[in-house]
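If you want the building blocks of each chain, they are given just below.
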There are 2 protein chains.
Amino acid sequence: MKNPPSLEELITALRCLPGVGAKSAQRMAFHLLQRDRAGAARLGAALTRVLESVRHCERCNNFSETAVCALCSSAQRDAALLCVVETPADLAMLEQAQCYRGLYFVLMGRLSPLDGIGPKDIHLDRMLQRAADGVVREVVLATNFTNEGEATAHFIGEMLASRGVTVSRIARGLPVGGEIEHVDAGTLARAVIERRAL
Amino acid sequence: MKNPPSLEELITALRCLPGVGAKSAQRMAFHLLQRDRAGAARLGAALTRVLESVRHCERCNNFSETAVCALCSSAQRDAALLCVVETPADLAMLEQAQCYRGLYFVLMGRLSPLDGIGPKDIHLDRMLQRAADGVVREVVLATNFTNEGEATAHFIGEMLASRGVTVSRIARGLPVGGEIEHVDAGTLARAVIERRAL
């Protein structure tokens, strides 16, 4: 004898969440039914609402409830700077650091030929259009310093170089508060190679 | 600038899932919106449906879509045996093992005074009623061999002893295929103490 059908369906549906397997899905379903029905109702409503209202901003490709998102519509930002990031989480971190006043383009991914993710999947055509609007003077590449992030930055850099836009890459080096004794060799080597004049 | 409100609400709502913190909730929300909108719609619908249709079986307290669940209504089961388990997952494991043909009572928890979970929270009054229906001859205690599961079994055992019902506890010992060299000392000691005549 198994769980009732609607409970089995919930367990299966929960497995669409990343990192959730059969056992965790069951644990989550039991928890919701047994201990947090209000939370389950809230989650159900939130899912329905988000699917109805969230789409991609026409300018930066980030999630937005409006055709152009609040950040892109803001008059406070420097439209001559365009920062390219992989994900909305990266954008959020940059905003939190309060170090950048330009605009963004969110790739929603990174080049990854092994996973079949090519230039089209990360919207590079739209990114190029955006960078060629005549107002953007500099594109700041802020993809991750992973193999895939580096390859993505390199690919975008090459594309933009031929179009006469200034392209820059965020700096690598020791973290703030970092101690030379404890940093990994790769980071230390990069910090020496990419040293800057005082 | 933050995520759109409906996206923020989804991230907050996802945190009602056990083991999901702020970072995973954000990752899950982005994944659903970006890569699996169909999965998100399915999950939303499954949550709504499960809340409408799933309640507790009047007899065994397990999740059920009907007043009395399929297992309790089955004529194939031995109504003289009542097995007490902590969770529906435990019941499912016992059913999978195909070793038991009686009925169940699901506590939906265990005694845990430190967490404020007392006899009422695990429905012991209903369990007693169930065991005193005149048909049940033996109650098999299949709570976990954790401190809390043991305390729960002990408590229920004491209660039933005074009511003239036979009470048994599932066996402890080496697992099937277990090697004495590799088993933990506590389990080995129990296996010796609880040895049975051949």
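Residues numbered from 1 in each chain as written. Chains lettered and ligands numbered in written order. Predicted model: local features only at pLDDT ≥ 70, side-chain atom pairs only at ≥ 80, totals over all residues. Heavy atoms only, no water.

## Some words on the sheet that holds strand β4 (residues 102–106) of chain A
Residue and element names in this part refer to chain A. With respect to topology, four strands assemble into an open sheet ordered β4-β3-β5-β6, the strand pairing being parallel. Single-partner strands in this sheet number two, and they are β4 and β6 (166–169). Neighbour-to-neighbour, the strand axes of the sheet open up by a mean angle of 25 degrees, direction not taken into account. In this fold helix α6 (residues 124–131) packs onto β3 (78–85), β4 and β5 (138–141), with an angle of close to 160 degrees to the strand it touches most, β4. (Pairing = 2+ DSSP bridges. Helix = DSSP H or I, 4+ residues; strand = E, 2+ residues; numbered from the N terminus. Axes fitted to C-alpha atoms, helices over the stretch in contact; angles between N-to-C directions. Contact = heavy atoms within 4.5 Å.)

## Concerning the packing of aromatic side chains
Scanning all chains against the criterion turns up four aromatic pairs over all chains. Their ring planes at 35 degrees and their centres at 5.6 Å tell us that Phe 30 of chain A and Phe 63 of chain B sit as a pair that is tilted. Of the two residues, Phe 30 of chain A is situated in helix α2 (residues 22–35) and Phe 63 of chain B in strand β2 (residues 63–64); the pairing between them involves two chains. Of the two residues, Phe 30 of chain A and Phe 63 of chain B, both sit in the buried class. Positioned above the aromatic ring of Phe 145 of chain A is the side chain of Arg 169 of chain A, whose terminal nitrogen or guanidinium carbon lies 4.2 Å from the ring centre. (Phe/Tyr/Trp six-rings, centres within 6.5 Å; stacked < 30°, edge-to-face > 60°. Buried < 20%, exposed > 50% of the residue type's maximum accessible area, 1.4 Å probe, protein only. Lys NZ or Arg CZ within 6 Å of the ring centre and 35° of its normal.)

## Some words on the relation of the copies chain B and chain A
Superposing the two chain copies requires a rotation about an axis and a translation along that axis. For these two chains of identical sequence, chain B goes onto chain A by a turn of 180 degrees and a shift of 0.0 Å along the axis, with RMSD 0.1 Å. Taken together, the rotation and translation describe the operation of a two-fold axis. In terms of proximity to the rotation axis, the leading residue of chain B is Gly 44 of chain B, whose C-alpha is 2.2 Å off the axis. (Least-squares fit on C-alpha atoms with pLDDT ≥ 70 in both.)

## Some thoughts on the interface of chain B and chain A
Contacts between the two partners involve 51 residues from chain B, matched on the other side by 51 residues from chain A. Summing both sides of the interface, chain B and chain A together bury roughly 5,000 Å²; the carbon and sulfur share of this comes to 69%. For the pair chain B and chain A, the number of links is two salt bridges. Glu 9 of chain A is paired through a salt bridge with Arg 42 of chain B; the nearest N and O atoms lie 2.9 Å apart. Those elements that place two or more of their residues in the side of chain B that touches chain A are α1 (5–14), α2 (22–35), α3 (37–53), β1 (55–56), β2, α4 (70–73) and α5 (88–97) of chain B. For the side of chain B that touches chain A, the leading source of residues is α3 of chain B, giving 13 residues. Of the residues that constitute the side of chain B that touches chain A, the class distribution is 29 nonpolar, twelve polar and ten charged. (Buried area = accessible area lost by both parts, 1.4 Å probe. Salt bridge = Lys/Arg side-chain N within 4 Å of Asp/Glu carboxyl O. Nonpolar A, V, L, I, M, F, W, Y, C, P; charged D, E, K, R; others polar.)

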